[in-house]
Every structure is written in structure tokens, then in C-alpha cells.
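Next come the chains, spelled out residue by residue.
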Amino acid sequence: MINRRTFLAASAAAGLTGLAGCATSKFRTYDGPAVTQLLAAKSQRRLYLLHYNKALAVYDFQLGFTPQGHKQFEGDGRTPEGAYYINRRNPESRYHLSIGISYPNSADRAFAESMGRSPGGDIFIHGTPKEFDGKADWTAGCIAVSDREIEDIYAMVNDGTPILLTS
């Protein structure tokens, strides 16, 4: 696997670039190998963008304010664990850019409802506002990377891409 520095150094050669004539744009383009799956290893705080079994990029991240365990209820501060997929994107996110994770699934909803609670939702991979830069595990359950990193992820990952979140 490659590390983030190797990825960033090679990204121009691999096809990840800013929009032509817009060096300051948050929207980048990517024409390298397809990202076929994401793996978010919560205990390692590492997000892997994979092309089958090869890591195309690896990013460090921050989690929800209660990082251990699977998200069960709205407001619990946990990040989901399990198999989901990327189901939406927000180019106008409060957190620079964001891509949505399909939490809650039917099992998550059923469990929360059996306990008389809401499972919550709006779980994303997103950037980090300046006021949270350098802070540990500050989100409400999302995965936070730097603004520059979410620009790469936003360009590389398509809707429908599977994501596995592990403890």
C-alpha cells in the first residue's frame, strides 16, 4: 500500500488535477484507476481508497465524539460500522465538500425503532473547518479529512461505491 505522501506526490502523474484554468477551485478531476471500494478502519483512523485490493490513496481522519462502537441512535456521536455505499454528494457542504454514506440501512432503522429511538442519519465523509483543525474526534458521527483531501476523495469516488467501516 502507498502512504498519503506518496499518493500526493504521484497524484499529478496519476491523473488528479484541478480544473483547467481554476487553480483555486475546490473541484478537481480524476482520470486514474476506478475506486472500487473504500475501507474506513476506525481504530487506525485510516481511510483507504481501493482499486480492487490495491490502495490508490490513504488518508488519516477524525471520527465522531464517541468514536468506539457502531452508531445506533441519533446524537450518540458514533460513526457507523458495517457495509454501506456512497449514496450522495454535497458540493455546498458546510464542511467544504462531502460525500454521503448510506447509513442508516434497514437493520439500523429496525434496531433503533425497536428501542423507540431514531437511528439518525446524514453521515458523510467531509472536510474540516478551521475551528476544528487539529482537534480529535469532533464530528457528530461523520468521517473528517482535510479540505484538500476531501477534494481528492470527491473527485475519485463515485456514487454507488461500497464502503466498509470497521472497528
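Residues numbered from 1 in each chain as written. Predicted model: local features only at pLDDT ≥ 70, side-chain atom pairs only at ≥ 80, totals over all residues. Heavy atoms only, no water.

A.B. asks: Would you mind going over the side chain of E151 with me for this structure?
C.D. replies: Note that E151 resides in helix α3 (residues 147-156). Comment: no salt bridge for buried E151; closest opposite-charge side chain is R28, at 4.1 Å. (Helix = DSSP H or I, 4+ residues; strand = E, 2+ residues; numbered from the N terminus. Buried < 20%, exposed > 50% of the residue type's maximum accessible area, 1.4 Å probe, protein only. Lys, Arg positive; Asp, Glu negative; His and termini not counted. Salt bridge = Lys/Arg side-chain N within 4 Å of Asp/Glu carboxyl O.)

A.B. asks: Before we go on, may I ask you to explain the layout of surface pockets in this structure?
C.D. replies: Left-over empty space is what a probe sized like a water molecule reveals as it rolls over the atoms. As a volume, the largest pocket reaches approximately 250 Å³. As for the largest pocket, its lining consists of 19 residues, and the residues nearest its centre are Y95, G121, D122, F124 and C142. The element best represented in the lining of the largest pocket is strand β8 (residues 123-126), accounting for three residues. Partitioned by chemical class, the residues of the lining of the largest pocket number six nonpolar, nine polar and four charged. (1 Å grid on protein atoms, 1.4 Å probe; cavity = no way out; pocket = protein on both sides within 12 Å on 5 of 7 lines; lining within 4 Å. Points joined across faces, edges and corners; volume = space filled by probe spheres on them. Nonpolar A, V, L, I, M, F, W, Y, C, P; charged D, E, K, R; others polar.)

A.B. asks: Can you help me understand the nonpolar core in this one?
C.D. replies: Buried together is how nonpolar side chains tend to be arranged in soluble globular proteins. Ranked by internal contacts, the top residues of the largest apolar core, which has 29 residues, are L38, L47, L49, I101, I125, I153 and V157. For this core, the elements supplying multiple residues, two or more each, are β3 (37-41), β4 (46-51), β5 (54-60), β6 (82-90), β7 (98-101), β8, α3 and β10 (162-166). For this core, the leading source of residues is α3, giving five residues. Once residues lying within four places of it in the same chain are set aside, the contact partners of I101 are Y84, Y85, I86, N87, R88, I123, F124, I125, I143, I163 and L165. Counting five residues, the second largest nonpolar core, distinct from the first, contains A41, Y48, L50 and A55. (Core = buried A, V, L, I, M, F, W, Y, C linked by side-chain atoms within 4.5 Å. Contact = heavy atoms within 4.5 Å.)

A.B. asks: What is the right way to read the packing of aromatic side chains from this model?
C.D. replies: Describing an aromatic ring pair means giving the distance of the ring centres and the angle of the ring planes. Summed over the entire model, instances satisfying the criterion amount to five aromatic pairs. Ring geometry for Y95 against W138: centres 5.9 Å apart, planes inclined by 45°, an arrangement best described as tilted. Remark: W138 occurs in the loop between β8 and β9 (143-144) and Y95 occurs in the loop between β6 and β7; sequence separation between them is 43 residues. Seen from their ring centres, F132 and W138 are 4.2 Å apart, and the 10° between their planes marks the pair as stacked. (Phe/Tyr/Trp six-rings, centres within 6.5 Å; stacked < 30°, edge-to-face > 60°.)

A.B. asks: When you look at the environment of A41 in this model, what are you seeing that I'm missing?
C.D. replies: As for its placement among the helices and strands, A41 is situated in strand β3. Its relative accessible area of 7% is what places A41 among the buried residues. Separated by 123 residues in sequence, A41 and L164 have C-alpha atoms that sit 8.3 Å apart. If sequence neighbours within four positions are ignored, A41 has contacts with R46, Y48, F61 and T166.

A.B. asks: I would appreciate a short explanation of the pattern of salt bridges in the present structure.
C.D. replies: For side chains bearing opposite charge, pairing can occur when the charged atoms are close. Counted by the stated rule, this structure contains eight salt bridges. In this structure, the salt-bridge partner of D159 is R89, at a minimum N-O distance of 3.1 Å. Of this pair, D159 sits in the loop between α3 and β10 while R89 is found in strand β6, placing the two residues 70 residues apart along the sequence. With a shortest N-O distance of 2.5 Å, R148 and D152 are connected by a salt bridge. With a gap of four residues between them, R148 and D152 both fall in helix α3, about one helical turn apart. Residue class for R148 comes out partly exposed when judged on its relative accessible area of 35%. By relative accessible area, which is 0% here, D152 ends up buried.

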